[in-house]
Amino acid sequence: MKDFRAKRILSMSTSIFSTMSELTRQYNSVNLGQGFPDIPGPEFVKNSACDAIRNDKNQYAPSDGILSLRKLISEIDAKQYNLNWDPTSEITITAGATEALFASIHAFIEPGDEVIIFEPFYDAYDADVLLAGGIPKYVTLNKPDFSYDKEELNNQISDKTKMIIVNTPHNPTGKVFTYEELDYIAKLAIENDLLVLSDEVYEYLTFDGVKHIPIATLPEMKKRTITISSTGKTFGMTGWKVGYICALEHLTQAIRKIHQWTAFCINTPGQHAMAEGFKQFESYLPEFHKLYQQKKDLSVKLLNETPFEVYQPYGSYFLMIGIPNGMFLNDVDAATRLIKENGVTTIPPSCFYKKSDEGKTMLRICFAKQDETLIEGIKRLQIG
Ligand SMILES: Cc1ncc(COP(=O)(O)O)c(C=O)c1O
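An account of the accompanying structure is given in this report.

Analysis parameters
Residues numbered from 1 in each chain as written. Predicted model: local features only at pLDDT ≥ 70, side-chain atom pairs only at ≥ 80, totals over all residues. Heavy atoms only, no water. Helix = DSSP H or I, 4+ residues; strand = E, 2+ residues; numbered from the N terminus. Buried < 20%, exposed > 50% of the residue type's maximum accessible area, 1.4 Å probe, protein only. Lys, Arg positive; Asp, Glu negative; His and termini not counted. Salt bridge = Lys/Arg side-chain N within 4 Å of Asp/Glu carboxyl O. Contact = heavy atoms within 4.5 Å. Core = buried A, V, L, I, M, F, W, Y, C linked by side-chain atoms within 4.5 Å. Near = heavy atom within 4 Å. Polar contact = N/O pair within 3.5 Å; in protein donor to acceptor, adjacent residues only side chain to side chain. Areas by Shrake-Rupley, 256 points an atom, 1.4 Å probe, with all protein chains shown as cover. Pairing = 2+ DSSP bridges. Axes fitted to C-alpha atoms, helices over the stretch in contact; angles between N-to-C directions. Parallel < 35°, antiparallel > 145°, perpendicular 65-115°, else oblique. Left-handed = near helix turned anticlockwise from the far one by under 90°. Nonpolar A, V, L, I, M, F, W, Y, C, P; charged D, E, K, R; others polar.

### Topic: the side chain of R70
Right, so step 1: Tracing the chain through its elements places R70 in helix α4 (residues 67–81).
Right, so step 2: Put simply, R70 is tucked away with no salt bridge, and the nearest opposite charge, on D64, sits 4.3 Å away.
Right, so step 3: When residues no more than four places from it in sequence are discounted, the contact partners of R70 are D64, G65, P87, T88, I91, I93 and R256.

Here you go:
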């Protein structure tokens, strides 16, 4: 029989998450690796989902998403950032941020188009650009503060560049892009007539008074920015996969063309549940902040007592730790041995880099976990 597989899948390898999950299961290790909260989501969101199901909100939703949810997102973005989106023509509900990324990249990237991706990157960026036939061009966020080198960014831009992908707050480093960093990217985008795809799924998770800045709020940027977020992160319920895209109408129209032939529409009860979440957002947000600030502080304090160096996070629910010199061959060796010998799972981040070797010297920790899990997991990082 011939090999029926499309060429586009041949270079795709098994995700590191599957490998680490399998080892975690085998060795029953404490999981500080995978990026999901093991904390229950808010009761009012859960109740609202149950009500929606019981009240027969179980048929197809409109392709763009239920209007009540889009209106609430529009109101919240206006309040938080002074960004005014028209809920009918500028907001689209998607199957998580994952589908939002796929649709946004496939709507604009053609074979041969170059896309700037900051590394370490969320792995879907690279995969989506390659699937669309685009060419990723990488710019490294350098430790310890994960800032980029302006010269390196300038050098990656060519007459084939069409898009810059920004992720702030950033997975896996916990970096939050500063105004100055975003302004430089914005100026380059304007000067070279580029689109910016801004993944802001952790927009409500920042620490120590650091503020999240949507790049769409910078002068002249709204018309060339596609902003993506996810209620899975905002309400700590990743399994519902309700994401959204905000972009001006000319961009939204193109994105909706891909959305209609991929997901078409998103699960209806999940959208009603998240609409309820946003209705109660004002009272929910300070509690959410407080909880994650406490988890970040606890994790950093405990990690500082281990031989691993902590790279201070300012946003998201991830942070990077530096592997002590000479103790392991590289990040994959460290992560594998920590599961097998110490019973704790982390994520080796070298697969989120394509250019720099820095990933081999670090591990990613997810601190969206119950305190007991964090305490036990980090205790198991006591080595040597
Ligand atoms: C930076 C980033 N973007 C997008 C996603 C995907 O979000 P969703 O679960 O809503 O598809 C994730 C999930 O971990 C993420 O970390």
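### Some remarks on the pattern of salt bridges
Right, so step 1: Across all of its chains, the model carries 23 salt bridges by this definition.
Right, so step 2: Salt-bridge contacts for R224 lead to D193; the nearest nitrogen and oxygen are separated by 3.1 Å. Of this pair, R224 sits in the loop between β7 (195–199) and β8 (225–230) while D193 sits in the loop between α8 (179–191) and β7, and the two are 31 residues apart along the sequence.
Right, so step 3: The class for R224 is buried, based on a relative accessible area of 12%.
Right, so step 4: The exposed category is assigned to D193, whose relative accessible area is 59%.
Right, so step 5: Between E376 and K379 there is a salt bridge, with its nearest N and O atoms 3.3 Å apart. Here K379 and E376 lie together in helix α14 (residues 371–379), a separation of three residues that amounts to about one turn.

### Quick look at the nonpolar core
Right, so step 1: Grouped together as the largest cluster of nonpolar side chains are 95 residues, with contacts concentrated most on L69, M163, I165, I226, F278, Y317 and I321.
Right, so step 2: Per-element tally for this core: the top contributor is helix α12 (residues 281–303), with nine residues.
Right, so step 3: When sequence neighbours within four positions are dropped, the list of residues in contact with F278 reads L69, L72, I73, I76, T231, T234, F235 and Y244.
Right, so step 4: Listed in part, the 26 residues of the second largest apolar core include L153, A186, I213 and Y311.

### A short note on the site of the ligand
Right, so step 1: Residues in contact with the ligand amount to 13 residues; listed here are only the nearest, T98, D199, Y202, S230 and K241.
Right, so step 2: The side chain of N171 places a nitrogen or oxygen atom 2.8 Å from an oxygen atom of the ligand.
Right, so step 3: At a separation of 2.7 Å, an oxygen atom of the ligand approaches a polar side-chain atom of K233.
Right, so step 4: Summarising the interface, the protein chains cover 93% of the accessible area of the ligand, which totals 400 Å² for the free molecule.

### Considering the environment of N167
Right, so step 1: Inspection of the secondary structure assignment puts N167 in strand β6 (residues 161–167).
Right, so step 2: Residue classification places N167 among the buried residues on the basis of a relative accessible area of 5%.
Right, so step 3: The sequence separation of N167 and V30 amounts to 137 residues, and the corresponding C-alpha distance is 28 Å.
Right, so step 4: Every residue in contact with N167, bar those within four places of it in the chain, is listed here: Y125, F177 and D199.
Right, so step 5: Looking at N167, its side chain comes within polar contact range of the main-chain oxygen of P169, at 3.1 Å.
Right, so step 6: A polar atom in the side chain of N167 sits 3.1 Å from the backbone nitrogen of N171.

### A closer look at the sheet that holds strand β4 (residues 135–142)
Right, so step 1: Spatially, eight strands are ordered β2-β9-β8-β7-β6-β3-β4-β5 in an open sheet, and the strand pairing comes out mixed. What marks the edges here is a single partner per strand, and that holds for β2 (91–95) and β5 (147–148).
Right, so step 2: Two strands pair when backbone bridges link them, and β8 and strand β9 (residues 242–246) are joined in this way by four bridges, in the antiparallel orientation. Among the inter-strand pairings, I228 is bridged to a residue of β9, identified as I245.
Right, so step 3: Those strands touched by helix α5 (residues 96–108) are β2, β6, β7, β8 and β9, and its axis lies near 160 degrees from that of β8.

### Comments concerning the packing of α5 against helix α10 (residues 249–261)
Right, so step 1: At a closest axis distance of 8 Å, the pairing of α5 and α10 adopts a crossing angle of 110 degrees. In terms of their interaxial angle, α5 and α10 are classed as roughly perpendicular. In the packing of α5 onto α10, the handedness of the crossing is right-handed. Contact with α5, carried on its side by E99, F102, A103, S104, H106, A107 and F108, involves L251, A254, I255, I258 and H259 of α10 and no other residues of that element.
Right, so step 2: A per-class count over the contact of α5 with α10 returns eight nonpolar, three polar and one charged.

### Details of the sheet that holds strand β11 (residues 318–322)
Through backbone hydrogen bonds, the strands of a sheet pair up, either in parallel or in antiparallel fashion.
Right, so step 1: On the basis of which strands lie adjacent, the open sheet formed by three strands has the order β10-β11-β13 and antiparallel pairing. Edge positions in the open sheet fall to β10 (309–311) and β13 (362–366), since each of these has one partner strand only. Adjacent strand axes in the sheet meet at a mean angle of 35 degrees when their direction is disregarded.
Right, so step 2: Sheet analysis places β11 next to β13, joined by five bridges and oriented antiparallel. Counterpart to M320 in the pairing with β13 is R364.
Right, so step 3: The sheet contacts of α12 involve β10 and β11, and relative to β11 the element is tilted by about 10 degrees.

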